[in-house]
Amino acid sequence: MNKFIMGSKVGLVLLLAAVMSACGATSSATQSSSPPATSAAVTTASAQSTTASSVQLASVKAADLVTFDEEDTAIAWSADSSTAIALNGTGATVSGSGAAASGGVVTITAAGTYVVSGTLNEGQIIIDVQDKGSVHLVLNGVTLHNSSSAPVYIKEAGKVIMTLQEGTDNKITDGTTYILADDTTDEPSAAIFSKADLTINGTGKLSVTASYKDGITSKDDLKIVSGTIEVQAADDGIVGKDLIAIQDGTMTINAEGDGIKSTNDEDADKGFIAITAGTFDIVAGNDGIQAETTLVADGGTFNLLTGGGNANAEVKTGDQGGGMGMGGGRGMRGTQAPAAGTGSGQAPADQAAESAATAGTAATTATETESTSAKGLKAGGDLTVNGGSFTIDSADDAVHSNSNVSITDGELQIAAGDDGIHADSLTSLSGGTVNITKSYEGIEGANITIAGGEIDVTASDDGVNVAGGNDDNSAEGTQRQDQFTSSGNNLLTISGGTLTVDAAGDGLDSNGSVVMTGGTVITNGPTADGNGTLDYDGTFEITGGYLVVAGSAGMLQAPSDASSQYSIAMTFTDSQEAGQLVHLQDSDGNTIATFAPSKSYRSVVISSPDLKEGGSYTLSTGGSSTGTAVEGLYNDGAYSGGSEVVSFDISSSVTWLNESGVTTATSGMGGGMGGGRGGGTRPEGGFGGGGTPPTGAEGEVQQ
């Protein structure tokens, strides 16, 4: 039997690493009222000047990892060709060959089909087929209890196919204490315990109440083809050592430990979970679905509540940045108070959140902790979502991989006590809908690519964070911590999709560089000057797409001078009210952008294909628009009634503005250690709308 599809498709495989041109200029548009269609390629680059290393992830489906054979899907049986086992309360009657009953114990010793019905108040079904034959076990209305061991104990067989007969309700329960053979073993450890491959199929119902430890466990492969399965477990709900493959079915799991998990950590080709479809309602004290290696979900409906939900999360206590860390440009952030009269307008809530900023990310040796992992989806290897509907409320990360995360489609509604989406290596979003309504950091990875999809992030710290953070919550069960090594080549790549961020920390934070070639990015916040809407250490090269960000001005950065697409960066003297429109138009009255920030703001950065060298533009605030706003950005309608703030001409890739007109960027350390080089530094007079920056601003206030 070929149990695995071996080779490079077990997990997300890095297909390509090649040096290539970072990006090309995009064709210009005559009107920015309708953002262009965007590509859905899944590619990232590691920028070094004008070149980049491109890494592309393979497309992996559940069917690439596992197959279901004829035995797995067979549910038919006949009385003539099967052995009947009738449970009668205190014992059982066997009609046919291959099985025998002794008191309350029924032992199956030969391959074949066995149809079980009735009630056994204190007993056990044992399968012990030494010749490795297959056993078809049909549960045809069974109530089975054992107070001191596993009610169903599969000791030996080639495979056991457990069919839930149509129209039946089957109940398996155990006690709180097992009597084991001796002190050297911990088996059995589940109400349904198998040391052989186990497949569950049929259209009936199976209810498992496991008071000892796990609900359903296979020490080999565990496949679920169909059926309605309910598990209440003192520890883990459903466990498969070598693999768990789910084709369909309805699963309701309430587990003190993990909901669904695979455990083989010795073979890279095993220990995976592959889900094609199904309905999953999981309440878990620890992780919702945890794969020791790869996790792939092609579809299904998932409702996951882990660790009591985000309301039960540990309070994050990061720092304000003290120290000249190379990662994240944390430098001496927050040591310089805003000068009087700057009108920073920072909100108390964001000031408090500012104190929870992530710490520096210099490479360190991971130290194991015993913190409980309460993640929604977790993989020790690659994690891929190709479709499905996910509602995740987690005390820890909602989606977490110790390797790569790839989301190509599906709908994810996330409320997380820690990160919304986290990958130790690459986080790749190329399709679907991702709505992170609560998180500490929204999307995190050593590298991040956004090539498609509709993504909405709310974060109490950084919205999007490349190679940053000091998450000391151990990924228990996968033996890793959330830590990054910032090499300076880490990259945030945006080539498509729509990304909207509401952050109390940095909006987009790259402890490396940023490349944007397409898509739409909207950022609201922060309001406190110790963070910025854009925060990068290297360069931010933009050649296409729409960038509209509004927030504080103390750490203001804009795209780099090397960009082929033009940008403007405006600093206001006083804080502007949330919801007050910012309108940018050209000399012919064509709208470049009309935006209603959802938070108070003192700076705005806009980049659009419609900004042209030599063009004349006017920026206004207030007024109204007859159009319809999507995430605060108006894509149509007429603007009127605003107050002109500044008129200007574009003569360079980044035009720095304050209320007095065009100004210049300083040459200071506005972007942290290397941040802002090539045009990303804050404007001259950025602290006071044209005045002199406060003493120490150049050297002390750093990203």
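Every value quoted in this text rests on a predicted model; they were computed, and no experiment measured them. (Residues numbered from 1 in each chain as written. Predicted model: local features only at pLDDT ≥ 70, side-chain atom pairs only at ≥ 80, totals over all residues. Heavy atoms only, no water.)

### A few points about the overall build of the protein chain
Looking only at helices and strands, one finds four helices and 54 strands in the protein chain. For the protein chain, the residues scored as buried account for 59% of the 703 residues in total. Once local pairs closer than 6 in sequence are excluded, the contacts in the protein chain between residues at least 24 apart make up 62%. For the protein chain, the exposed surface amounts to about 23,600 Å²; the carbon and sulfur share of it is 48%. (Helix = DSSP H or I, 4+ residues; strand = E, 2+ residues; numbered from the N terminus. Buried < 20%, exposed > 50% of the residue type's maximum accessible area, 1.4 Å probe, protein only. Contact = heavy atoms within 4.5 Å. Areas by Shrake-Rupley, 256 points an atom, 1.4 Å probe, with all protein chains shown as cover.)

### Observations regarding the nonpolar core
In terms of nonpolar packing, the biggest core is built from 104 residues, with I216, I260, L377 and V399 touching the most fellow members. When residues in this core are grouped by element, the largest group, six residues, is from strand β36 (residues 443-459). Those residues in contact with I216 that sit more than four places away from it in its chain are A190, I192, L198, I200, L206, V208, L222, I229, V231, G237, I238 and V239. One finds Y566, V604, I606 and V646 within the second-largest nonpolar core, a separate group that totals 23 residues. (Core = buried A, V, L, I, M, F, W, Y, C linked by side-chain atoms within 4.5 Å.)

### Let's talk about the pairing of strand β18 (residues 221-224)
Judged by which residues are buried, β18 turns out to be covered on both faces: D221 and K223 on one side and L222 and I224 on the other are all buried. Bridge count for strand β15 (residues 197-202) against β18 is three bridges, and the pairing is parallel. Its bridge partner being in β18, L198 is matched across the sheet by L222. The pairing of β18 with strand β21 (residues 243-246) spans four bridges and is classified as parallel. Bridge pairing links D221 to L243 in β21. (Pairing = 2+ DSSP bridges.)

### Focus: the packing of aromatic side chains
Aromatic ring pairs are described here by two measures, namely the spacing of the ring centres and the angle between the planes. Taken as a whole and judged by the stated rule, the model has seven aromatic pairs. On the numbers, 3.9 Å between centres and 20° between planes, the contact of Y178 with Y212 is stacked. Taken as a pair, Y178 in the loop between β13 (169-174) and β14 (190-194) and Y212 in the loop between β16 (205-210) and β17 (214-218) lie far apart in primary sequence, 34 residues in all. Classification of Y178 by relative accessible area gives buried; the value is 7%. Among the aromatic residues, those joined into a ring-pair cluster are F280, F302 and F390. (Phe/Tyr/Trp six-rings, centres within 6.5 Å; stacked < 30°, edge-to-face > 60°.)

### Points about the pattern of salt bridges
Scanning the model with the defined rule gives 15 salt bridges in all. For the salt bridge of K270 with D242, the shortest nitrogen-to-oxygen distance reads 4.0 Å. Here K270, found in the loop between β23 (260-262) and β24 (272-275), pairs with D242, found in the loop between β20 (238-240) and β21; they are 28 residues apart in sequence, far enough to count as distant. The class of D242 is buried, set by a relative accessible area of 7%. Three or more residues joined by partner-sharing salt bridges are found here, namely D69, E71, D72, K159 and K223. (Salt bridge = Lys/Arg side-chain N within 4 Å of Asp/Glu carboxyl O.)

### Details of the environment of T449
For T449, the position within the fold is in strand β36. Within polar-contact distance, the side chain of T449 engages the side chain of S428 at 3.3 Å. (Polar contact = N/O pair within 3.5 Å; in protein donor to acceptor, adjacent residues only side chain to side chain.)

### Concerning the side chain of N310
Its location among the elements puts N310 in the loop between β28 (301-306) and α3 (348-354). Every residue in contact with N310, bar those within four places of it in the chain, is listed here: D393, S394, A395, A415, A416, G417 and K438.

### Observations concerning the environment of T107
For T107, the location among the structural elements is in strand β7 (residues 105-108). The class of T107 is partly exposed, set by a relative accessible area of 25%. Placed 47 residues apart in sequence, T107 and I154 show a C-alpha to C-alpha distance of 9.7 Å. Setting aside chain neighbours within four positions, we find T107 in contact with G98, A99, A100 and I126.

### Digging into unusual backbone geometry
Here the amide bond leading from E187 into P188 is cis, since omega sits at 0°, within 30 degrees of zero. Among the structural elements, P188 can be located in the loop between β13 and β14. Following G525, the chain continues to P526 via a peptide bond in cis, the omega torsion being 10°. One can find P526 in the loop between β41 (520-524) and β42 (534-536). Unlike most non-glycine residues, K132 shows phi in positive territory, near 65°. By secondary structure assignment, the location of K132 is in the loop between β9 (124-128) and β10 (134-146). Although it is not a glycine, A467 sits at a positive phi angle of roughly 55°. By secondary structure assignment, the location of A467 is in the loop between β37 (464-466) and β38 (491-503).

### Details of the side chain of S149
With respect to the helices and strands, S149 occurs in the loop between β10 and β11 (152-156). One polar contact links S149 to Q124, side chain to side chain, over a distance of 3.2 Å. With near-sequence residues (within four places) excluded, S149 lies in contact with Q124, D174, Y178 and P188.

### Topic: the pairing of strand β4 (residues 83-89)
On a regular strand, one side chain projects to one face of the sheet and the next to the other, so that they alternate. Of the strand pairs in this sheet, β4 and strand β8 (residues 112-120) are connected by seven bridges, and their pairing is parallel. Along β8, the bridge assignment pairs T83 with Y114. As judged from the four bridges shared by β4 and strand β5 (residues 92-95), these two strands associate in the antiparallel manner. Each bridged residue has a counterpart across the sheet, and for I85 the counterpart in β5 is V94. Between the antiparallel neighbours β4 and β5 lie two residues.

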